[in-house]
Amino acid sequence: MDRRNTIQRALVLAAVKELGSHATADEVYAEIARKHPGIGRGTVYRNLSLLAGIGQIAKVEMPDGPDRYDHILDRHYHARCISCGRLFDVDMDVIPDLEKNIRDTRGFIFAGHDIFFKGTCRECKK
């Protein structure tokens, strides 16, 4: 796979950082297309995948919606608003070695975990 730094890749990385709100691939594409209408949706999607794969952004896999992309690379938890669906960072320490506390009787090999809290955001509460 080509790992050169390209203008398109730089645009995708900048858009994820500028949006700063756990953007979906469609939101990243829309942000870039406003300024660079010639960019292809596939180009944006491929570069999001590549940037997540090499650790320059984090991919947040959502169980019931589109994946989100985060510019914060430190391990952290999220809260999702049950009204608007927006995703927010949670201000708490990560629970170290959480997987070691699992009593597994099914031979499952754990590769990590994501914790999502749910509630109502400030804007929706109004």
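See the structure printed just above.
Keep in mind that what you see is a predicted model, and the values were worked out from it rather than measured.

Caption draft 1: Broad picture of the packing of aromatic side chains. Taken as a whole and assessed by the stated rule, the structure comprises one aromatic pair. Judged by centre distance (4.9 Å) and plane angle (50°), the rings of Phe108 and Phe110 are tilted.

Caption draft 2: Up close: the sheet that holds strand 5 (residues 87-89). Taken in spatial order, the three strands line up as 5-4-6 in an open sheet, and their pairing is mixed. Here the strands that pair on one side only, and so sit at the sheet edges, are strand 5 and strand 6 (116-119). Direction aside, neighbouring strands of the sheet carry axes that sit 30° apart on average.

Caption draft 3: Geometry of the nonpolar core. Counting residues in each nonpolar core, the largest one holds 16 residues, and the members touching the most others are Val12, Val28, Ile32, Val44, Leu48 and Ile57. Listed by contribution, the elements that provide at least two residues to this core are helix 1 (7-19), helix 2 (25-35) and helix 3 (41-53). Counting residues per element, this core draws most heavily on helix 2, which supplies five residues. Val28 has contacts with Val12, Ala15, Val16, Leu19, Ala23, Val44 and Leu48, leaving out every residue within four places of it along the chain.

Cut-offs applied
Residues numbered from 1 in each chain as written. Predicted model: local features only at pLDDT ≥ 70, side-chain atom pairs only at ≥ 80, totals over all residues. Heavy atoms only, no water. Phe/Tyr/Trp six-rings, centres within 6.5 Å; stacked < 30°, edge-to-face > 60°. Pairing = 2+ DSSP bridges. Helix = DSSP H or I, 4+ residues; strand = E, 2+ residues; numbered from the N terminus. Axes fitted to C-alpha atoms, helices over the stretch in contact; angles between N-to-C directions. Core = buried A, V, L, I, M, F, W, Y, C linked by side-chain atoms within 4.5 Å. Buried < 20%, exposed > 50% of the residue type's maximum accessible area, 1.4 Å probe, protein only. Contact = heavy atoms within 4.5 Å.

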